[in-house]
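For reference, the chains in residue letters:
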Amino acid sequence: MSKLYSSRRGFMAQSAVWAAAFAGVGASGIRSARADRSGELNILCWEGYNSAQVLDPFRSSTGATVKAESLTNDPTMINRLRAGEINVWDLINVNNPWARRVMWPEGLIRAIDRATFEPYFNSMLPAFKPPYKWAMDDAGEVMLGMCQRFGPYSFVVNTDKVSREAAEDQGWNLWNDPANEGKYGVLESDDWNVFNICCIAGFDPFKVHSDDEVAAFGETAKHVFKGAKVVGDIATMNQALVSGEIDFHMTGGTYSASPARADGATNIRGVTPKSGPMEGGKGGISWIEVTSVVNNPDVSPRAEEFLKYVQDAEVAHTVAFAEGTFNPVAQMGNPACFGLFTAEELDAIQWDSLEEEMARSVEYDIVPDYDKLLDLMTAAKREA
Amino acid sequence: MAAGSRAPGPRFALPVLGLLLVGFAAPLLAVIGYSFMPERTFGLWQEPTLDNYASVFSGTSYISFLWSLALASATVTVLALVCYPIAYGLARVFGRWSPLITLLFTIPLFVSENVRLYGWVLFFIKGGVLLGTLKSVFGIEIESWLFTRGIILLGMVYVYLPFMLFPMTLGVAMVPHETSEAAADLGASRWQVFREVELPLSMPGIVIGFLLTFVLAVGAIVEAKVLGGQQIIPITHDIEIAFTYAQNWPLGAALAVLLMVVVGVLVIGVLRRFDLDAVLGRR
Amino acid sequence: MSQTHILRLDSVVKRFGGLTAVNGVSLAIAEGEFFTIVGPSGSGKTTLLRMLAGMDTPSSGDILLRGERINDMPANQRPTCMVFQSLALFPHRTVGQNIEFALKIRGVDAATRKARALELMAQLRLPADYYGKSVTKCSGGERQRVALARSLAYDPAILFFDEPLSAIDYKLRKTLEKELKDIHRETGKTFVYITHSLEEAMVMSDRIGVMCAGEMVQVGTPDEIYTAPRTRFVSEFMGDVNVVPVRLGPDGRLHSDDPPSVFKAPTLPEGFARGHLVVRPESMRFVERAEQADNHVAGRLYNEYALGSRIQYQVRVGERVFIVERLRQQAFAGRLDDAVLIGWDAANSLVVGD
């Protein structure tokens with residue numbers, strides 16, 4: 001055994017092969033070194049890209065077998081590549097900082113052809129004007145992925161209970177007001193909860209934290225979870241908001257509120273604080289998805305093709321309203337795409353305030369001491 | 001007959017043995033192996049360490065362990081009290097209605113547990129079936145029970161009811177009717193018949209029901225998440241967090257191993273103290 | 001035998017829905033009697049016994065125990081005890097615990113219980129070292145004795161038996177039948193026993209009650225039942241008998257249509273115009289001339305069967321089959337299909353009303 005897996009890398013490679021075999025991803029099980037993979041494409045993504053609405057047209061036009069697995073947090077996806085599944089996936093769809101800050105330096109993804117893909121950014125919304133920071137490496141030379149879905153993501157209120165105005169003014173202090181105990185929920189999205197608890201504690205999440213700040217984080221996490229009426233998934237949060245079980249919940253925005261809004265509950269609204277502890281006094285956080293080609297030694301030639309396919313106006317609209325959650329897409333900068341959105345759809349994704357909310361938000365970034373903070377938060381949840 | 005390895009029995013058992021090794025032993029060994037790896041790593045062939053166990057014991061994971069064990073014990077207790085009369089009825093009283101009633105208890109099993117629990121959410125939520133009806137029909141307004149600890153227990157009792165009920169029904173059905181009658185004929189009161197004859201003779205079914213529901217309930221996670229709104233973090237949820245958000249597989253593996261050990265010791269302890277064969281009079 | 005009645009049944013009826021399982025049974029059982037109720041399955045004997053033991057209540061009629069009406073008294077309050085067909089021993093208990101059960105229920109202290117159990121075990125020829133043995137490890141005969149000892153432990157006024165020997169092989173059954181009769185004698189208790197085997201009833205009982213379709217058709221000593229069955233059913237229940245339908249002719253004699261004949265026989269019971277002539281096979285004999293017996297019929301020897309000490313012959317008379325039994329030493333020399341003449345005397349026949 002030990003000889004077989006003489007190095008960690010060897011083990012990784014082996015386990016990836018096994019993973020592929022078990023997942024039934026490689027149709028032929030263990031494949032030969034340089035097989036023709038134009039007939040298949042494997043996507044690791046947030047939900048939406050795995051929907052039949054998005055994938056079926058691509059399947060029928062290319063004849064390729066497309067498999068997509070959706071997960072609802074970034075670290076798990078990155079770690080699956082690290083654990084050896086780099087041999088399995090062709091595309092990875094995660095939030096903005098990971099491509100540039102982690103996956104590219106670690107050699108988990110490969111560059112895409114800048115000449116081919118940069119022009120697409122010209123027709124996106126103005127904020128994505130090329131060269132777009134999150135699509136490029138640190139030096140701004142190499143292109144690392146394509147953008148599509150994005151949105152502000154701070155918290156959600158029931159405007160019948162807390163007005164948008166009041167929520168925007170009070171911002172993260174909503175969670176510091178003892179009167180609000182038992183009135184709010186926490187969406188089970190632990191990485192984002194770490195950011196939010198930093199904001200509630202009054203400091204920027206996206207930096208290395210002092211011991212005092214770490215201690216303050218632990219205390220804040222305890223009081224936040226103790227006061228939480230409910231911790232749960234998006235459906236639970238929306239149901240609790242609509243029914244009046246809670247008045248607001250943290251970690252949320254268009255991504256989580258849109259299903260309720262699309263259902264007619266327009267009193268459920270993602271809110272971005274007017275100010276907060278982050279760079280430039282900003283109080284909100286936003287996310288932008290970057291889809292990159294995995295550094296698979298045997299990558300499918302369909303990977304880049306798929307990146308182009310989703311830039312199409314109609315496909316982009318489908319992605320925006322794929323099953324699950326509804327989100328603005330960068331391609332709305334293209335009038336052909338924007339024209340496809342109905343007034344109700346625009347209202348569901350809070351188009352009216354999208355620009356100002358994005359302006360009040362800093363972009364999602366890596367928290368250097370995330371592990372330490374997460375452990376503190378997990379313990380706080382347990383003790384609550 | 002050729003002896004030893006040439007006999008057809010062991011040879012034909014090989015595929016099954018292989019399947020068991022790959023499907024059962026291998027994942028288990030992998031989990032045990034991971035629990036000795038350095039924290040937040042993903043390889044299985046590094047220098048083993050006890051750090052994960054040390055951090056479990058120095059941390060607050062015991063709270064989750066205690067919640068899981070307490071909830072499972074409470075579930076088993078409530079189920080025992082709820083199910084015995086039903087089991088007795090199914091085996092002895094309901095007669096030709098028994099199959100229908102059994103079916104009614106079985107049907108929910110065909111619906112996903114999550115769907116059923118969300119059904120309960122809609123039932124208990126503010127303005128939902130229960131509170132909404134109370135308010136609009138009777139004008140009574142009471143606090144919602146959703147997202148409380150009590151409702152987690154209710155959810156678990158509901159979800160695991162068939163797993164207690166059916167072994168118990170078999171257990172009660174195993175008690176020959178004439179044996180109960182004989183006890184009564186010898187002067188035993190209803191209660192004495194139950195205590196001296198029916199309870200001990202239905203014990204095999206009861207113990208199997210206890211063990212089954214306890215082991216399942218210790219592994220419960222959705223009830224606390226969906227109905228309880230995570231007011232309680234059971235150990236399974238801790239394990240899940242370790243494997244997902246925390247990306248700390250070794251820690252999750254250590255928690256899983258400890259859970260297996262705790263449950264294993266409890267189950268073996270019960271089986272030791274309670275010899276099914278002896279009760280059935282087979283020894 | 002004392003003539004005081006320990007148990008009286010007065011027109012006891014039990015209905016289950018539209019079915020009448022027991023239909024107006026009246027009966028008096030004497031103190032210390034061994035009374036057996038015989039009947040085929042479905043005759044209502046088990047239902048009757050369950051009412052006597054308190055496991056069912058009569059739909060109408062009364063059950064009196066030493067003059068006291070006990071219709072609604074539950075089993076656990078009656079001073080009676082039952083030995084079940086399945087024995088219904090407690091498999092999770094030892095021999096001693098089984099025997100002591102009734103005493104333990106009544107709060108008798110452990111030492112007294114054990115003494116009583118050992119006393120009963122000795123009486124029933126169970127080795128004393130069986131006291132701590134699991135009942136599931138006892139043999140069939142030993143279990144019978146444990147069940148009996150368990151029923152006797154609290155000194156019941158009446159012991160009921162629900163076919164306890166029916167599942168036991170022939171040889172052991174014969175032994176246990178005799179043992180049971182011995183125990184009856186030793187204890188002097190009233191035994192009420194039910195069985196579908198008249199043979200078993202004959203061996204043990206002081207009196208037998210024959211049940212048919214929910215009714216008690218005849219009660220009498222084994223001898224009375226055997227020699228003077230009151231109905232065709234009772235006579236046939238005794239085993240193989242020859243039964244010929246007869247009617248009272250205008251001449252006051254008994255006429256038969258099949259075979260067409262006039263029989264010399266005891267007369268029909270009062271008030272009956274039709275009935276059955278009953279002749280036991282051992283009362284039949286082969287004759288050479290008609291004058292050798294009061295009655296005779298001509299037939300053909302169809303088959304013969306060896307029944308141990310006896311041989312049974314089937315003789316076909318038209319479509320009807322007559323049965324003749326001879327002792328082996330007096331075997332008939334005829335061959336199959338021979339024309340034979342069989343005869344019997346009027347004194348050895350009886351006539352039951354229809």
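Being a predicted model, the structure only gives us computed values, none of them experimental.

What counts as what
Residues numbered from 1 in each chain as written. Chains lettered and ligands numbered in written order. Predicted model: local features only at pLDDT ≥ 70, side-chain atom pairs only at ≥ 80, totals over all residues. Helix = DSSP H or I, 4+ residues; strand = E, 2+ residues; numbered from the N terminus. Buried ≥ 20, exposed ≤ 12 C-beta atoms within 10 Å, placed from the backbone. Contact = placed C-beta atoms within 7 Å. Rg over C-alpha atoms; globule rule 2.2 N^0.38 Å. Nonpolar A, V, L, I, M, F, W, Y, C, P; charged D, E, K, R; others polar. Axes fitted to C-alpha atoms, helices over the stretch in contact; angles between N-to-C directions. Parallel < 35°, antiparallel > 145°, perpendicular 65-115°, else oblique. Left-handed = near helix turned anticlockwise from the far one by under 90°. Pairing = 2+ DSSP bridges. Core = buried A, V, L, I, M, F, W, Y, C linked by C-beta atoms within 7 Å. Domains from an automatic or database assignment. Right-handed = clockwise from strand over helix to strand, strands pointing away.

Caption draft 1: Quick look at the overall build of chain C. Along the backbone of chain C there are eight helices and 20 strands. With 354 residues in all, chain C has 41% of them scored as buried. Considering only contacts in chain C between residues 6 or more positions apart, those separated by 24 or more positions represent 66%.

Caption draft 2: Region of the structure containing the overall build of chain A. Across its full length, chain A holds 16 helices and 11 strands. In terms of overall size, chain A behaves like a compact globule, its C-alpha atoms giving a radius of gyration of 21 Å where 384 residues would be expected to give roughly 21 Å. A principal-axis box enclosing the C-alpha atoms of chain A has dimensions of 65 × 55 × 40 Å. The buried share of chain A, taken over its 384 residues, is 52%. Long-range pairs, those at least 24 residues apart, make up 76% of the contacts in chain A between residues at least 6 apart in sequence.

Caption draft 3: Summary view of the interface of chain C and chain B. At the interface, 20 residues of chain C touch 18 residues of chain B. Where the side of chain C that touches chain B is concerned, the elements lending two or more residues are strand 6 (80–83) and helix 2 (95–105) of chain C. For the side of chain C that touches chain B, the leading source of residues is helix 2 of chain C, giving three residues. The residue inventory of the side of chain C that touches chain B, partitioned by class, reads 13 nonpolar, five polar and two charged.

Caption draft 4: View of the packing of helix 9 (residues 234–243) of chain A against helix 10 (residues 254–262) of chain A. Residues and elements named next belong to chain A. Packing of helix 9 against helix 10 brings their axes to within 10 Å, and their N-to-C directions diverge by 55°. As summarised for this structure, helix 9 and helix 10 are arranged oblique, according to the angle between their axes. In terms of crossing hand, the pair formed by helix 9 and helix 10 is right-handed. Judged by residue contacts, I234, M237, N238, L241 and V242 of helix 9 engage S256, P259 and A260 from helix 10.

Caption draft 5: A look at unusual backbone geometry. The peptide bond linking P130(A) to P131(A) adopts the cis configuration, its omega dihedral lying at -5°. For P131(A), the position within the fold is in the loop between helix 5 (114–122) and strand 5 (146–158). Along the chain, D258(C) connects to P259(C) via a cis peptide bond; the corresponding omega equals 0°. Residue placement: P259(C) occurs in the loop between strand 12 (254–257) and strand 13 (260–263). Although it is not a glycine, F147(B) sits at a positive phi angle of roughly 60°. Tracing the sequence through the fold places F147(B) in the loop between helix 6 (129–138) and helix 7 (149–173). Among the residues examined, F147(B) registers 27 C-beta atoms within 10 Å and is labelled buried. Of note in this structure, R66(C) is not a glycine but carries a positive phi near 45°. Secondary-structure assignment places R66(C) in the loop between strand 4 (60–65) and strand 5 (68–69). Judged by C-beta crowding, with 14 C-beta atoms within 10 Å, R66(C) ranks as partly exposed.

Caption draft 6: Seen up close, helix 3 (residues 74–82) of chain A. Considered for burial, the residues of helix 3 of chain A that qualify are D74(A), P75(A), M77(A), I78(A), R80(A) and L81(A). Buried residues along helix 3 of chain A sit against strand 1 (40–45), strand 3 (91–95), helix 4 (97–103), helix 7 (190–201) and strand 10 (284–294) of chain A.

Caption draft 7: Quick peek at the interface of chain A and chain B. The partner chain B presents 29 residues to the 29 residues of chain A that form the contact. Residue assignment for the side of chain A that touches chain B shows that the elements contributing at least two residues are helix 1 (8–23), helix 3, helix 7, strand 7 (228–232), helix 9 and helix 16 (370–383) of chain A. For the side of chain A that touches chain B, the element with the highest residue contribution is helix 16 of chain A, accounting for seven residues. Looking at side-chain class alone, the side of chain A that touches chain B contains nine nonpolar, nine polar and 11 charged residues.

Caption draft 8: Molecular detail of the packing of helix 1 (residues 8–34) of chain B against helix 12 (residues 249–273) of chain B. Residue and element names in this part refer to chain B. Across the interface, helix 1 lies against helix 12 with an axial gap of 7 Å and an inter-helix angle of 115°. As for how helix 1 packs across helix 12, the hand of that crossing is left-handed. Along the contact surface, helix 1 presents V31, I32 and Y34, while helix 12 presents W249, P250, A253, A256 and V257. Split into classes, the residues belonging to the contact of helix 1 with helix 12 amount to eight nonpolar, no polar and no charged.

Caption draft 9: Up close: the environment of I206(B). Residue and element names in this part refer to chain B. Along the chain, the position of I206 falls in helix 9 (residues 190–218). Taking the C-beta count within 10 Å as the criterion, I206 has 23 such neighbours and is therefore assigned buried. Expressed as a C-alpha distance, the spacing of I206 and V172, which sit 34 residues apart in the sequence, is 8.5 Å. Look past the residues within four positions of I206 in its chain and what remains in contact with it is M168 and G171.

Caption draft 10: Main features of the sheet that holds strand 4 of chain C. Residue and element names in this part refer to chain C. A sheet is described by the order of its strands in space; here four strands give the open sequence 2-1-4-5, paired in antiparallel fashion. Both outer strands of the open sheet, strand 2 (19–30) and strand 5, are each paired with one neighbouring strand and no more. Sheet analysis places strand 4 next to strand 5, joined by two bridges and oriented antiparallel. The residue of strand 5 that forms the bridge with L65 is E68.

Caption draft 11: The arrangement of the nonpolar core in detail. Judged by nonpolar contacts, the single largest core of 252 residues is most densely connected at V294(A), L255(B) and F160(C). Here the element with the most residues in this core is helix 7 of chain B; it accounts for 14 residues. Not counting chain neighbours up to four residues away, the residues in contact with F160(C) comprise L49(C), L52(C), A53(C), T80(C), C81(C), M82(C) and V192(C).

Caption draft 12: Up close: the environment of P259(A). Residues and elements named next belong to chain A. Relative to the helices and strands, P259 resides in helix 10. For P259, a count of 18 C-beta atoms within 10 Å translates into the label partly exposed. C-alpha separation for the pair P259 and M332, spaced 73 residues apart in sequence, amounts to 19 Å. Other than its neighbours up to four places away in sequence, P259 contacts I234, N238, T325 and F326.

Caption draft 13: Highlighting the domain arrangement of chain A. Residue and element names in this part refer to chain A. In terms of domain boundaries, chain A breaks down into domain 1 (8–148 + 290–349) and domain 2 (151–285 + 364–383). Taking only C-alpha atoms, the centre of domain 1 and the centre of domain 2 are 28 Å apart. Counting residues at the interface gives 15 residues for domain 1 and 13 residues for domain 2. Residue assignment for the side of domain 1 that touches domain 2 shows that the elements contributing at least two residues are helix 3, helix 4 and helix 14 (343–348). With three residues, the single largest contributor to the side of domain 1 that touches domain 2 is helix 4. Classifying every residue of the side of domain 1 that touches domain 2 gives seven nonpolar, five polar and three charged.

Caption draft 14: Spotlight on the domain arrangement of chain C. All names here are of chain C. Assigned domains within chain C: domain 1 (5–232) and domain 2 (240–353). For domain 1 and domain 2, the distance between their C-alpha centres works out to 39 Å. The interface of domain 1 with domain 2 comprises five residues on the first partner and five residues on the second. Of the residues that constitute the side of domain 1 that touches domain 2, the class distribution is two nonpolar, one polar and two charged.

Caption draft 15: Focus on the pairing of strand 1 of chain A. Residue and element names in this part refer to chain A. Taking burial as the measure, the six residues of strand 1 include five buried ones, the bulk of the element. Where strand 1 and strand 2 (residues 65–70) come together, six bridges link them in parallel fashion. If you follow E40 over to strand 2, its bridge partner there is T65. Once you follow strand 1 into helix 2 (residues 52–62) and on to strand 2, the crossover reads as right-handed.

Caption draft 16: Expanded view of the sheet that holds strand 7 (residues 158–162) of chain C. Residue and element names in this part refer to chain C. Taken together, the six strands give an open sheet; going across it, the order is 6-7-8-3-9-10, and neighbouring strands pair in mixed fashion. Of all strands in the sheet, those bounded by a partner on one side alone are strand 6 and strand 10 (215–220). The average angle at which neighbouring strand axes cross in this sheet is 20°, direction not considered. Of the pairings in the sheet, the one linking strand 9 (residues 207–212) to strand 10 comprises five bridges and is antiparallel in character. Residue pairing in the sheet places V210 in a bridge with Q218 of strand 10.

Caption draft 17: Seen up close, the pairing of strand 10 of chain A. All names here are of chain A. Among the 11 residues that make up strand 10, 11 are buried, leaving the element largely enclosed by the rest of the structure. Sheet topology places strand 3 next to strand 10; five bridges connect them, and they run antiparallel. In the sheet register, N93 faces strand 10, and the bridge partner there is T291. Bridge analysis of strand 4 (residues 109–110) against strand 10 gives two bridges, and the strand direction is antiparallel.

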